[in-house]
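Per-entry structural report
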Amino acid sequence: MFFSFVRSIILVLVWILNGKFKVIGKENLPQDDNYILIAPHRSWIDPVYLVLATTPKQFSVMAKKELFKNPVFRWIITHMNAFPVDRDNPGPSAIKTPVKSLKETDLGLIIFPTGTRHSNELKGGAVTIAKLSKKPIVPAVYSGPLTFSDLVKRKKAVVRIGEPFYVERKVEGIKDTNAYYSEKIQQAFEELDRN
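Scope of this entry: the structure provided in the associated data block. The structure presented is a predicted model; accordingly, all values stated were derived computationally and were not measured.

**Overview of the pattern of salt bridges**
- All told, the structure shown has three salt bridges when counted by the stated rule.
- With its nearest N and O atoms 2.5 Å apart, the salt bridge here joins Arg42 to Asp193. With Arg42 in the loop between strand S2 (36–38) and helix H2 (46–53) and Asp193 in helix H7 (residues 177–194), this residue pair connects regions lying 151 residues apart in the sequence.
- Its relative accessible area of 30% is what places Arg42 among the partly exposed residues.
- One salt bridge in this structure joins Lys65 and Asp86, with 3.3 Å as the shortest N-O distance. Of this pair, Lys65 sits in the loop between strand S3 (59–64) and helix H3 (71–79) while Asp86 sits in the loop between strand S4 (82–85) and helix H4 (93–104), and the two are 21 residues apart along the sequence.

**Here's the deal with the sheet that holds strand S1 (residues 22–24)**
- Within the open sheet, the seven strands sit side by side as S1-S7-S6-S2-S5-S3-S4. Their pairing is mixed. Each end of this open sheet is capped by a strand with a single partner; those strands are S1 and S4. With strand direction ignored, the average angle separating the axes of adjacent strands in the sheet is 25°.
- Pairing geometry for S2 and strand S6 (residues 137–143), over three bridges, is parallel. By the bridge assignment for S6, Ile38 is matched with Pro139.
- Here helix H5 (residues 125–133) sits on the sheet and contacts S2, S3, strand S5 (108–111) and S6; the angle it forms with S2, its principal contact strand, is near 165°.

**What to know about the layout of surface pockets**
- Within this model, the second largest pocket holds a volume of roughly 260 Å³.
- Together, 16 residues line the second largest pocket, and Gly162, Glu163, Ala188, Glu191 and Leu192 are the ones closest to its centre.
- Elements supplying a minimum of two residues to the lining of the second largest pocket: strand S7 (158–161) and H7.
- The leading source of residues in the lining of the second largest pocket is H7, at five residues.

Rules behind the numbers
Residues numbered from 1 in each chain as written. Predicted model: local features only at pLDDT ≥ 70, side-chain atom pairs only at ≥ 80, totals over all residues. Heavy atoms only, no water. Salt bridge = Lys/Arg side-chain N within 4 Å of Asp/Glu carboxyl O. Helix = DSSP H or I, 4+ residues; strand = E, 2+ residues; numbered from the N terminus. Buried < 20%, exposed > 50% of the residue type's maximum accessible area, 1.4 Å probe, protein only. Pairing = 2+ DSSP bridges. Axes fitted to C-alpha atoms, helices over the stretch in contact; angles between N-to-C directions. Contact = heavy atoms within 4.5 Å. 1 Å grid on protein atoms, 1.4 Å probe; cavity = no way out; pocket = protein on both sides within 12 Å on 5 of 7 lines; lining within 4 Å. Points joined across faces, edges and corners; volume = space filled by probe spheres on them.

That's the geometry; what it means functionally is another story.
Written out as structure tokens, the structure is:
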């Protein structure tokens, strides 16, 4: 309920500040299964547009533990289905918590495989979570305003959603499945960026 309420408010604010945005490939979102939405993390704005583009789906999201220090902000992001992760020392709960949520709730999961906005290196968490949860990965990319000033200048915003795929435990002829799927994710991002 809180998630939908906040999303509605944000949708109105984004529409006022930046106008309508475009979603390409929304038909690729699974309707009969939970899923993991992955995207490159380019700005603080991209999670906002991803959540808006996938309405009415609700998500949980990994957030760095430092964001939970402020009690007011902690209350807000907890009610927005965020859970804390220690990026320096992730621990088993960084995998177990989202796997359990994907299996036992209707909440999808948003993951930025690069971890931070300042990295292009893919981490293996999304692949591991997909493998253990048996839920599909859906690649997406956001292009548009990256700063608040770009947002108010009404720079065009687009979310492109790719085709889902499942992570298999073994792939014939492939020794390192994590590397294989990381490459597949990177290729999906590059292809969506080109279109």
